[in-house]
Amino acid sequence: MTKKNIGKDNFLNESIHDTFTNSNQEANGSAIVVGASLSGLMTGIALSRAGMNVTILERVGAKPRSGAVLQVDSGEIDRTKTAKVLRELASGGIRSAEAWASIQYRLRTEAQADPKIDLRYDTRVQTVNQDNDSAWVVTDKDETFHGDILIGADGHRSIVRRYVAPHKPNATFAGYLIWVAIVDENDIPKEHRPSLDAPKFSMPDGIGDFLLGSIIAGENGSHALGARRLGWAWYDNTQNDLLRRLGCVERNVVRHSLNALDIPEQTLVELAEKASVRWPQPWLDATLHSIKTRNLIGTPVSEYVPDTLVKGRIAIVGDAAHLPTPLTASGFNASLQDAATLAEYVVKGIQGAAAAKALSKYESRRLKDVRQIVQAGQSFSRSFGR
Ligand SMILES: Cc1cc2nc3c(=O)[nH]c(=O)nc-3n(C[C@H](O)[C@H](O)[C@H](O)COP(=O)(O)OP(=O)(O)OC[C@H]3O[C@@H](n4cnc5c(N)ncnc54)[C@H](O)[C@@H]3O)c2cc1C
């Protein structure tokens, strides 16, 4: 396997590279990970640190994607070195708000520099299966990949979940969406840009709606005046008919997000009118700029409380395993714990029957916690969702 790199990473801390290099152990079996978003990349990195050869398969291309702002915990509950290393990669080990794309870039750079990780884009997994000796996937290119274990990090519409939990295959629409965007502070008038000591998080109340605003570093990592970005997430429970009409939601299952180009002009006009009477500065200018430039995405929220995380040699992690409302600010943080916990149990070996035993220990450790995380957000969803 060749060592790959995607160029200079302004964020990457040299000491993390050293930690990884030093912690690499003799090969300890192999893993297939489905999905190369935050959860899949963290799982791949964690399993490689546990000595495994890892193949990560991602259905979309390597082109950078955008996403929301995530609140990353400071890691008081991190029990293992792997958890600390993953958090260091995600946020520098401090409680902070980070752009999804910045976290993804740092994790991806780390995975691509790791000789034990084979990261393949444009590869959609179509089926998963297992027998006593291995687990495998078959892709849309008719390729088969085998591993001692197989981990589904394939998000809210996970096909690995369908295999692991056929009795409960789908996440359920929570009855509202979140409009999300990230705006350069230079794109709003100077007089409305936040001062350097402005709170990093704001939560202004709207008329029935509410908004989470975060001030985050610029793409180059700088928090200097003029370099920062404003991330906002607007919780809106009035778009359900639109979501159904455009096929984003069918019955009680979310099919896809509402992309900027598909948002009807009239919806944008109404959003701008609502923003004008709801949000204070700088969030008013930030939302209006996103609406005007169609730089926003509507994400229908769904939730999933798992009964099971594992079947034999196959397990699920991240949003595939547990899907809380983003209001809990816990999906990413829980995914990090999933990855670190898996690594902790597989490091002892996964030959033969040991594979299923290791995954079963992962499930015992994580299931109660992740159920509680999702359930904690459901009381909000029940009152806000329609
Ligand atoms: C608006 C918003 C705000 C949020 N805020 C926070 C926060 O503040 N704090 C926090 O902790 N969490 C937050 N979250 C949650 C967090 O973003 C996720 O929990 C986290 O990113 C983990 O996602 P994931 O990698 O499991 O799933 P996804 O990001 O959905 O990734 C799944 C990946 O699998 C790929 N895939 C799917 N099917 C296949 C297939 N068949 N074959 C191959 N690949 C496949 C997809 O293309 C995708 O890349 C927020 C989420 C949203 C939507």
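Everything that follows concerns the structure shown earlier in this document.
Computed from a predicted structure; not experimentally measured. The written sequence of each chain sets the order in which its residues are numbered from 1. Where totals are concerned, whole chains, interfaces and linings use all residues; where local detail is concerned, this predicted model gives features only for residues with pLDDT of at least 70, and gives and counts side-chain atom pairs only at 80 or more. As a rule here, side-chain values cover all heavy atoms of the structure and leave hydrogens and water aside.

A.B. asks: Tell me about the overall build of the chain, residues and numbers included.
C.D. replies: A run of H or I in DSSP counts as a helix once it spans at least four residues, and a run of E counts as a strand once it spans at least two, with each numbered from the N terminus. Within the chain, the regular secondary structure consists of 11 helices and 18 strands. As defined in this context, the radius of gyration uses C-alpha atoms, and a globule is described by 2.2 Å times the residue total to the power 0.38. Taking 386 residues into account, the globule formula puts the C-alpha radius of gyration at 21 Å, and the chain, at 21 Å, falls close to it. Principal-axis analysis of the C-alpha atoms places the extent of the chain at approximately 65 × 45 × 40 Å. Going through the 386 residues of the chain one by one, you find that 55% of them count as buried. Counting only contacts in the chain whose residues sit at least 6 apart along the sequence, the fraction spanning at least 24 positions is 72%. The averaged location of the 44 negative side-chain charges in the chain is 3 Å from the averaged location of its 46 positive side-chain charges. Exposure is judged per residue with a 1.4 Å probe applied to protein chains only, and the accessible area is read against the type maximum: over 50% gives exposed, under 20% gives buried, and values in between give partly exposed. We call two residues contacting when some pair of their heavy atoms lies within 4.5 Å. Neither His nor the chain termini are counted; the positive set is Lys and Arg, and the negative set is Asp and Glu. Here the site of a charge means NZ on Lys, CZ on Arg, CG on Asp, or CD on Glu.

A.B. asks: If you had to explain the packing of aromatic side chains to someone new, which residues and values would you point to?
C.D. replies: Two rings from Phe, Tyr or Trp (for Trp, the six-membered ring) form a pair when their centres sit within 6.5 Å of each other. Planes less than 30 degrees apart are called stacked, planes more than 60 degrees apart edge-to-face, and all others tilted. In this structure the tally under the stated criterion is 10 aromatic pairs. Their ring planes at 15° and their centres at 5.2 Å tell us that Phe 380 and Phe 384 sit as a pair that is stacked. A residue pair is termed a helical-turn pair when its members lie 3 or 4 positions apart in one helix, as Phe 380 and Phe 384 do in helix H11 (residues 354–384) at 4 residues. A relative accessible area of 17% means that Phe 380 is categorised as buried. Looking at Phe 384, the relative accessible area reads 9%, which means it is buried. Through a chain of ring-to-ring contacts, three or more aromatic side chains come together here, namely Tyr 176, Phe 210, Tyr 235, Phe 380 and Phe 384. In this structure, Arg 161 packs its charged tip against the face of Tyr 304, placed 4.2 Å from the ring centre. For a lysine, the NZ atom is tested; for an arginine, the CZ atom; a charge sits over a ring if that atom is within 6 Å of the ring centre and within 35 degrees of the ring normal.

A.B. asks: Explain helix H3 (residues 81–91) residue by residue, including any values.
C.D. replies: Counted residue by residue, H3 has 8 buried out of 11 residues, so it is predominantly covered. Taken together, the buried positions of H3 are Thr 82, Ala 83, Val 85, Leu 86, Arg 87, Leu 89, Ala 90 and Ser 91.

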